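Observations on the three-dimensional arrangement
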Amino acid sequence: MSIHKVMVIGAGQMGSGIAQVCAMSGYEVLLHDLKEEYVEKGLGTIIKNLSRQVEKGKMAARDKEATLSRLTSSTDLKNAAGVDLVIEAAIENMEIKTKLFAELDEITPKHVILASNTSSLPITEIAAATRRPEKVIGMHFMNPVPVMKLVEIIRGLATTDEVYKKVEKMAESLNKVPVEVNDFPGFVSNRILMPMINEAIYTLYEGVATKEAIDDVMKLGMNHPMGPLTLADFIGLDTCLYIMETLHQGLGDDKYRPCPLLRKYVKAGWLGKKSGRGFYEYNKS
Ligand SMILES: CC(=O)CC(=O)SCCNC(=O)CCNC(=O)[C@H](O)C(C)(C)COP(=O)(O)OP(=O)(O)OC[C@H]1O[C@@H](n2cnc3c(N)ncnc32)[C@H](O)[C@@H]1OP(=O)(O)O
Ligand SMILES: NC(=O)C1=CN([C@@H]2O[C@H](COP(=O)(O)OP(=O)(O)OC[C@H]3O[C@@H](n4cnc5c(N)ncnc54)[C@H](OP(=O)(O)O)[C@@H]3O)[C@@H](O)[C@H]2O)C=CC1
């Protein structure tokens, strides 16, 4: 069966971006979160992004309206019974993800593919919470989703070729470039990116330089579009910490130990741009 309807779970920064690109490419999308206010916030971000594209003359006003008409809000997981693909983008927590996947396995018809946008957690373990591990797959979008071309596609141990090909085709239909990787902690993207960010935090923690200087070195010296501390704030410091913990536990090597300063900020609720404060301060609007 081909994919027409998609449910995106989690209306945060990733979920809203994934819902946006799916709706822009013609899919009917249910954007699901625990509470209506979270879904409204996600839809607000999508409206802001699309309006900016219209103002710049990069999108016709009627295409914006057509995209918005394909988006429906959901706060009842049972709505997943009517879709062909679920893309889960709730927080980076194995307990929450396995609970969601076990419920989705009960709710959705047998043909439905269950994908996770997890940035580091083992797909095989998430798949084991279902009775259809062959239809569970990682679909790892990059932030900001409407801009970044990559989708890392991660096969669990049991994922079939047929499911892989369908998801690869779906990613291409979103005008993204799928890249296949195997199921190891952090996959490829965060196995390489997150230790660099963690090292930048250690560099700050040890007083080697100011946060601005660290970011300037990597921006001006290595041509990175954002310095690593700005990027950490952009990703979310909670997500950065979860990823480092997954690398540390999953690969069993102390070189992946999260910096104590990262832990401290997360404990303080300084989660980066989304909470208004991380290494830098932000206007929350
Ligand atoms: C943690 C994980 O598991 C995996 C990850 O995602 S790791 C994070 C990966 N992402 C990155 O590394 C991002 C690094 N940063 C960048 O590439 C750039 O700074 C950036 C694309 C975010 C912004 O680029 P910029 O040139 O400084 O800004 P700007 O000129 O304002 O924007 C460029 C375009 O992006 C769009 N854009 C910027 N931020 C956006 C956002 N949050 N949402 C949607 N669109 C956005 C702008 O509208 C603009 O679009 P057009 O070209 O169509 O006009
Ligand atoms: N940030 C990034 O750069 C990237 C993140 N990812 C991954 O994407 C996922 C989401 O990250 P991100 O969007 O940044 O996080 P956010 O914190 O912005 O959003 C997560 C959303 O999921 C909601 N949520 C939590 N639990 C549930 C649940 N049980 N059912 C439905 N919704 C739920 C949250 O609600 P509430 O506010 O109530 O908790 C929140 O609205 C994570 O797995 C992350 O690792 C992948 C690529 C890049």
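Right above here is the structure, for reference.
Summarised in this report is the structure supplied together with it. On a predicted model such as this, the values are computed, not experimentally measured, just so you know.

The sheet built from 8 strands is open, its strands ordered 3-2-1-4-5-6-7-8 with mixed pairing. Every interior strand has two partners, whereas the edge strands, strand 3 (71–74) and strand 8 (177–181), have only one. Averaged over all pairs of adjacent strands, the angle between their axes in this sheet comes to 25 degrees, without regard to strand direction. Judged from the 4 bridges that link them, strand 2 (residues 28–32) and strand 3 form a sheet pairing that is parallel. Following the sheet pairing, L31 is matched in strand 3 by S73.

In the vicinity of ligand 1 there are 19 residues, among which K56, K58, H140, N143 and N190 approach most closely. N143 places a polar main-chain atom, nitrogen or oxygen, 2.7 Å from a nitrogen atom of ligand 1. In the environment of ligand 1, an oxygen atom lies 2.7 Å from a nitrogen or oxygen atom belonging to the side chain of N190. Listed by contribution, the elements that provide at least two residues to the shell around ligand 1 are helix 2 (36–55), helix 7 (189–205) and helix 9 (228–235). At 3 residues, helix 2 tops the list of elements feeding residues into the shell around ligand 1. Its residues assigned to classes, the shell around ligand 1 comprises 10 nonpolar, 6 polar and 3 charged.

Once that is clear, we can look at the site of ligand 2. Around ligand 2 there are 23 residues in total, and M14, D33, E92, S119 and I235 lie nearest to it. In the environment of ligand 2, an oxygen atom lies 2.6 Å from a nitrogen or oxygen atom belonging to the side chain of E92. At 3.0 Å from an oxygen atom of ligand 2 is found a side-chain nitrogen or oxygen belonging to N117. In isolation ligand 2 exposes 900 Å². Once the protein is present, 84% of that is buried. The set of elements that each furnish at least two residues to the shell around ligand 2 consists of helix 1 (13–24), helix 4 (94–107) and strand 6 (136–141). Per-class residue counts for the shell around ligand 2 are 10 nonpolar, 9 polar and 4 charged.

Procedures and definitions
- Residues numbered from 1 in each chain as written.
- Chains lettered and ligands numbered in written order.
- Predicted model: local features only at pLDDT ≥ 70, side-chain atom pairs only at ≥ 80, totals over all residues.
- Heavy atoms only, no water.
- Pairing = 2+ DSSP bridges.
- Helix = DSSP H or I, 4+ residues; strand = E, 2+ residues; numbered from the N terminus.
- Axes fitted to C-alpha atoms, helices over the stretch in contact; angles between N-to-C directions.
- Near = heavy atom within 4 Å.
- Polar contact = N/O pair within 3.5 Å; in protein donor to acceptor, adjacent residues only side chain to side chain.
- Nonpolar A, V, L, I, M, F, W, Y, C, P; charged D, E, K, R; others polar.
- Areas by Shrake-Rupley, 256 points an atom, 1.4 Å probe, with all protein chains shown as cover.

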